[in-house]
Amino acid sequence: MEGTDPVNKKLAAALSGGAVLAGALSGCSSGDKGPDPKLIAWAKTVCDAVPAQDAKIKAANEAIAQTASNTTSSPATIQKTDSQAFQDMSDGYKALAAAISGAGAPPGIDDGAKRQQDVVKNLNSLSASYADLKKKVDALNTKDQAKFASGLHDVASQMADLETQNKSGTQALEALEQGEVKNAIAEQASCKKVSTTSGTSAPASVSPSSTAG
């Protein structure tokens, strides 16, 4: 609808600019020496949780983008779509945090526990932020188009502010994935599956904006 469409597109743009951390674990080739079997088992536990959450988070991004591209979307439709999308993203990051937390520290890795805990902290923080965005969207006044547009603008601005959190999460994953951990992850079919379906906009790396692989 006129008035809400520009800010909903701003929201979609903010989403597309954020790192989809679920698909960030790499499928890059491993080195000549294979990693420790215990580390392989750890990587499997982590990677097996990735595809489903990656799909959920990507679908949520796409749902908001599709609603934004439809100039006839009503405030009620926008609210319903965005609310569900934020819920799905919150759930997705929370599930990833739980998987990495449950896997424990990568065995045999110096600073492994700290690196693991940093990732869990960042993912849980993102989950909480998206849950907060859902609450804000749910509270929007869909009966008053001007108020709805103003409220949606605030949501879009807050969404854009999450770029810092996304970068922090990406950096934490990059730190976790260094050395033998990267090699162990590279042997997991589930992480390879995610990396090969990411497309050119999200290369097979911890950071979707990176070309390393």
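Criteria and thresholds
Residues numbered from 1 in each chain as written. Predicted model: local features only at pLDDT ≥ 70, side-chain atom pairs only at ≥ 80, totals over all residues. Heavy atoms only, no water. Axes fitted to C-alpha atoms, helices over the stretch in contact; angles between N-to-C directions. Helix = DSSP H or I, 4+ residues; strand = E, 2+ residues; numbered from the N terminus. Parallel < 35°, antiparallel > 145°, perpendicular 65-115°, else oblique. Left-handed = near helix turned anticlockwise from the far one by under 90°. Contact = heavy atoms within 4.5 Å. Nonpolar A, V, L, I, M, F, W, Y, C, P; charged D, E, K, R; others polar. Salt bridge = Lys/Arg side-chain N within 4 Å of Asp/Glu carboxyl O. Buried < 20%, exposed > 50% of the residue type's maximum accessible area, 1.4 Å probe, protein only.

Q: How should I be thinking about the packing of helix H5 (residues 112–138) against helix H7 (residues 163–176) in this particular structure?
A: Axis angle and axis distance: for two packed helices, these are the angle between their axes and the distance between the axes, and together they describe the pair. Where H5 contacts H7, the axes come no closer than 8 Å and their chain directions differ by 155 degrees. Considered as vectors, H5 and H7 are oriented roughly antiparallel to each other. When the axes of H5 and H7 are compared, the crossing they make is left-handed. The residues of H7 that touch H5, namely those facing Arg115, Gln116, Asp118, Val119, Asn122, Ser125, Leu126, Ser129 and Tyr130, are Gln165, Asn166, Ser168, Gly169, Ala172, Leu173, Ala175 and Leu176. Its residues assigned to classes, the contact of H5 with H7 shows 7 nonpolar, 8 polar and 2 charged.

Q: Explain the pattern of salt bridges here, please?
A: A side chain of one charge can pair with a side chain of the opposite charge if their charged atoms are brought near each other. Tallied over the entire structure, the rule returns 6 salt bridges. Of the charged contacts, one joins Lys114 and Asp118 as a salt bridge, the two residues approaching to 3.0 Å between their closest N and O atoms. Pair noted here: Lys114 and Asp118 are both in helix H5, with a separation of 4 residues, about one helical turn. When its relative accessible area of 48% is taken as the criterion, Lys114 is described as partly exposed. Asp118 sits in the partly exposed class, given a relative accessible area of 29%. For the salt bridge of Lys182 with Glu177, the shortest nitrogen-to-oxygen distance reads 3.3 Å. Here Lys182 falls in the partly exposed class, since its relative accessible area comes to 26%.

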